[in-house]
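Notes for the structure review
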Amino acid sequence: MSYSEGHPVRPVGGRLVLDFVNTADWTSTDHVAHEKLKSPDDLDVWLRTLEIKAHCAGTFDQLKLLRSDLRSMLLETKVSGTLNAVRELEFGAKEGAPPVLEGLLAASAISILADPRERGRLKMCPGDNCGWLFIDETKNSRRTWCSMESCGNRAKAARHYQRNRKAADPR
Ligand SMILES: [Zn+2]
């Protein structure tokens with residue numbers, strides 16, 4: 001199986017803003033490893049998949065910059081300053097117009113950052129070049145992976161490989 005395109009987009013984050021930042025795979029240094037939003041058409045597909053009717057206030061490139069910013073904000077440890085930064089993102093919808101995507105994303109980010117319980121359950125998948133964010137809603141906070149189908153299975157396969165190697169080369 002080839003992972004050159006990265007993980008297929010799956011809404012596994014549990015919150016809108018998390019699924020949005022998961023439209024790329026990320027390196028451990030927070031750079032985009034695989035881009036899933038290559039064009040505005042990809043964005044349309046994503047919106048349809050999540051059944052969201054919204055339009056963008058800014059350009060496609062600005063939206064992708066916002067995605068990096070939102071991800072940094074979500075991973076930021078100093079909450080109060082971050083929260084204010086998100087609040088200052090101004091994307092008000094005009095009356096009667098469909099909601100603005102950037103505004104929905106900012107509101108979703110605030111709902112996580114402003115709630116210690118949500119923040120406590122926010123996790124990043126440790127998979128190689130994944131970096132997807134999700135809310136762990138399992139009872140004992142046992143969720144590790146973005147999804148078992150991608151990173152979970154790869155880790156299992158790697159463990160299996162390591163076990164077999166260890167038998168030959170005990171360390
Ligand atoms: Zn993952």
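Residues numbered from 1 in each chain as written. Predicted model: local features only at pLDDT ≥ 70, side-chain atom pairs only at ≥ 80, totals over all residues.

1. Describing the packing of helix α3 (residues 60-75) against helix α5 (residues 101-113)
Put simply, the rule reads: Axis definition: a line fitted to C-alpha atoms, over the contacting stretch in the case of helices. Angles run 0 to 180 degrees between N-to-C directions. The way it works is that DSSP assigns letters per residue, a run of H or I at least four long becomes a helix, a run of E at least two long becomes a strand, and they are numbered from the N terminus. When describing relative orientation, an angle under 35 degrees is termed roughly parallel and one over 145 degrees roughly antiparallel, while 65 to 115 degrees is termed roughly perpendicular and anything else oblique. What counts as a contact is two residues whose backbone-derived C-beta atoms lie within 7 Å of each other.
Taken N-terminus to C-terminus, the directions of α3 and α5 make an angle of 5°; their axes are 11 Å apart at the nearest point. Considering the angle they form, α3 stands roughly parallel to α5. Residue-level inspection shows L63, L66, L70, M73 and L74 of α3 in contact with α5, the latter providing E102, L105, A109 and I112.

2. Re the environment of M124
To be explicit about the condition: To sort residues by exposure, count the other C-beta atoms lying within 10 Å of each residue's C-beta; 20 or more gives buried, 12 or fewer gives exposed, and values between give partly exposed, all with C-beta atoms placed from the backbone.
Secondary-structure assignment places M124 in strand β3 (residues 122-124). With 16 C-beta atoms packed within 10 Å, M124 lands in the partly exposed category. As a C-alpha pair, M124 and F134 span 10 residues in sequence and 6.5 Å in three-dimensional space. Setting aside anything within four residues of it in sequence, one finds M124 in contact with G131 and L133.

So far we have only geometry, and geometry alone does not tell us how the molecule works.
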